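As a plain string of letters, each chain reads:
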Amino acid sequence: LGASLGGVLVQRMAPAGVEMFIGGLQDAVFGPVVFAGSGGVLVELSGDAACRLCPATDRDVEEMLDEVRGIARLRGYRGAAPADEPAYRDAILRVAALVDACPEIHEMDINPVKVRESGVCVLDIRIRVGAPAHPRPTRHVRY
């Protein structure tokens, strides 16, 4: 037919794992916020997510994940081997730190994050950047 092939891209298949998501955004009222929850198509279908203000701590992430119904899938649901929840928690903390440090990141969606028996693998990420849209809120407590 006269068609020519200019190249081929071959990628390895995504590893097996539990699909979760991580997100972050710069909220006009609260400042940087991190989200986590059930990923893949479940993120839109079930809205199974929790959020925390940044900077997030280990304890914040632990409490946040305990609010997510789909966390049972990470912990060995129906006889499956448990996935690497500590690696997923670490990824959430890293996204929280990035969104907190970079007000130029308006939005970040990482979906799905495959949480494997050992480690995590990001399959898709979308980041919207631009000039900081608004001054960061202050977090001073007045007595």
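Remember, it's a predicted structure, so these values are computed and weren't measured experimentally.

Quick look at the overall build of the chain now. Check the secondary structure of the chain and you find four helices and six strands. Along the chain direction, N to C, the helices and strands of the chain fall in the order β-β-α-β-α-α-α-β-β-β. For the chain, the C-alpha atoms occupy an extent of roughly 75 × 45 × 25 Å along the three principal directions. Counting across all 143 residues of the chain, residues that qualify as buried make up 37%. The long-range fraction of contacts in the chain, counting pairs at least 24 apart against all pairs at least 6 apart in sequence, stands at 56%.

Before going further, it helps to spend a moment on the pattern of salt bridges. The final tally for this structure, using the stated rule, is 10 salt bridges. Arg 89 serves as the salt-bridge partner of Glu 85, at 2.7 Å between the closest nitrogen and oxygen. Placement of the pair is Glu 85 and Arg 89 together in helix α4 (residues 85-101), with a separation of four residues, close to one helical turn. A salt bridge links Arg 126 to Glu 107, with the nearest nitrogen and oxygen atoms 3.0 Å apart. Placement of Arg 126 in strand β6 (residues 125-129) and of Glu 107 in strand β4 (residues 105-115) is noted, with a sequence separation of 19 residues between them. Several salt bridges converge on common partners, so that one network encompasses Asp 66, Arg 75, Glu 85 and Arg 89.

With that settled, consider the packing of helix α2 (residues 58-67) against α4. It is the contact of α2 with α4, at a shortest axis distance of 10 Å, that shows an interaxial angle of 115°. α2 and α4 meet at a crossing whose hand is right-handed. Listed contacts from α4 to Asp 58, Val 61, Glu 62, Met 64 and Leu 65 of α2 are Glu 85, Tyr 88, Arg 89, Ile 92 and Leu 93. Classifying every residue of the contact of α2 with α4 by side-chain character gives six nonpolar, no polar and four charged.

Membership of the largest hydrophobic core comes to 26 residues, with the highest contact counts inside it found for Met 20, Ile 22, Val 34, Leu 74, Tyr 88 and Ile 92. At the level of secondary structure, the elements contributing two or more residues to this core comprise β1 (18-27), β2 (31-38), α2, α3 (71-74), α4 and β4. Considering every element that reaches this core, the biggest residue donor is α4, with six residues. Residues within four places of Ile 22 in sequence aside, it is in contact with Val 34, Phe 35, Ala 36, Tyr 88, Ala 91, Ile 92, Val 95, Met 108, Asp 109, Ile 110 and Val 113.

Here the focus is unusual backbone geometry. Residue Pro 55 is bonded to the preceding Cys 54 through a cis peptide linkage, with omega at 0°. Looking at the secondary structure, you find Pro 55 in the loop between β3 (49-53) and α2. Put simply, Asn 111 and Pro 112 share a cis peptide bond, and its omega is 0°. Topologically, Pro 112 is positioned in strand β4. Residue Arg 78 is not a glycine yet carries a positive backbone phi of 55°. You can see Arg 78 is positioned in the loop between α3 and α4. By relative accessible area, which is 76% here, Arg 78 ends up exposed.

What counts and what doesn't
Residues numbered from 1 in each chain as written. Predicted model: local features only at pLDDT ≥ 70, side-chain atom pairs only at ≥ 80, totals over all residues. Heavy atoms only, no water. Helix = DSSP H or I, 4+ residues; strand = E, 2+ residues; numbered from the N terminus. Buried < 20%, exposed > 50% of the residue type's maximum accessible area, 1.4 Å probe, protein only. Contact = heavy atoms within 4.5 Å. Salt bridge = Lys/Arg side-chain N within 4 Å of Asp/Glu carboxyl O. Axes fitted to C-alpha atoms, helices over the stretch in contact; angles between N-to-C directions. Left-handed = near helix turned anticlockwise from the far one by under 90°. Nonpolar A, V, L, I, M, F, W, Y, C, P; charged D, E, K, R; others polar. Core = buried A, V, L, I, M, F, W, Y, C linked by side-chain atoms within 4.5 Å.

No statement about biological role is implied by the geometric values presented.
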